[in-house]
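# Examination of the molecular architecture
If you want the building blocks of each chain, they are given just below.
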Amino acid sequence: MILVSACLWGLCTRYDSRVLAVPTWLAQLPHADILALCPEVLGGLTVPRPAARIVGATPGREGTDVLAGRARVLTAEGLDVSAAFIAGAQAVLARALAAGVRRAYLKDRSPSCAHDPQGHNPRGGPGQGVLTALLLAQGIEVMEVRA
Ligand code: SF4
């Protein structure tokens, strides 16, 4: 079973409610092998919702710092949504482990799903999302998908 960011699978889960086209290579994978989930929605956040970013974290380890309480996820208005992000990531992890997931394809530039530890993405974004940190800590391979 492969975990996929729900928005990469064409589901309406993004903060801005925009629906993404499913990458061709992803659409060609056996649908029965795909577990498409959104940690922010599972954490109780709405669609649409205010954009949020991680503040106070070490670049490349942002998600780990949020999980450890060393950094926070804030909306542009300063609302702390860290608890929702962590709860949602934990919900995804629980479902992924139950399904036997060993690999995840996650959306880039997301405070939940990003995985760009060296900062190579020319469009920026965090180096590590909250869900990414949790999955990596469990030995699940994370591949970032630019979309
Ligand atoms: S990038 Fe992750 S958190 Fe954001 S909408 Fe997609 S699945 Fe949800």
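Everything below is about the structure shown above.
Residues numbered from 1 in each chain as written. Predicted model: local features only at pLDDT ≥ 70, side-chain atom pairs only at ≥ 80, totals over all residues. Heavy atoms only, no water.

### Digging into the site of the ligand
Surrounding the ligand, one finds 14 residues, the nearest of these being C7, T13, C38, E40 and C113. For the ligand, the cavity whose grid points lie within 2 Å of the majority of its atoms is the largest pocket. Of the residues in the shell around the ligand, the class split is six nonpolar, four polar and four charged. (Near = heavy atom within 4 Å. 1 Å grid on protein atoms, 1.4 Å probe; cavity = no way out; pocket = protein on both sides within 12 Å on 5 of 7 lines; lining within 4 Å. Sits in = over half its atoms within 2 Å of the grid points. Nonpolar A, V, L, I, M, F, W, Y, C, P; charged D, E, K, R; others polar.)

### Topic: the packing of aromatic side chains
Scanning the entire structure with this criterion turns up one aromatic pair. Taking the centre distance of 5.0 Å and the plane angle of 70° together, the rings of W25 and Y105 count as edge-to-face. Highlighted residues: W25 in helix α1 (residues 24–27) and Y105 in strand β5 (residues 103–107), separated in sequence by 80 residues. (Phe/Tyr/Trp six-rings, centres within 6.5 Å; stacked < 30°, edge-to-face > 60°. Helix = DSSP H or I, 4+ residues; strand = E, 2+ residues; numbered from the N terminus.)

### Describing unusual backbone geometry
Backbone torsion omega between V47 and P48 reads -5°, so that peptide bond is classified as cis. Of note, S17 is a non-glycine position whose phi angle comes to about 65°, a positive value. In this fold, S17 is placed in the loop between β1 (2–5) and α1. Taking relative accessible area as the criterion, S17 reaches 31% and is therefore assigned partly exposed. A positive phi angle is found at R109, which is not glycine, with a value near 60°. Note that R109 resides in the loop between β5 and α5 (130–137). (Buried < 20%, exposed > 50% of the residue type's maximum accessible area, 1.4 Å probe, protein only.)

### A short note on the packing of helix α4 (residues 82–99) against α5
At a closest axis distance of 9 Å, the pairing of α4 and α5 adopts a crossing angle of 40°. Accordingly, the angle class assigned to the pair α4 and α5 is oblique. For the pair α4 and α5, the crossing hand works out as right-handed. Between α4 and α5, the contacting residues are F85, I86, A89, Q90, V92 and L93 on the first element and V130, L131, L134 and L135 on the second. For the contact of α4 with α5, the per-class residue count stands at nine nonpolar, one polar and no charged. (Axes fitted to C-alpha atoms, helices over the stretch in contact; angles between N-to-C directions. Parallel < 35°, antiparallel > 145°, perpendicular 65-115°, else oblique. Left-handed = near helix turned anticlockwise from the far one by under 90°. Contact = heavy atoms within 4.5 Å.)

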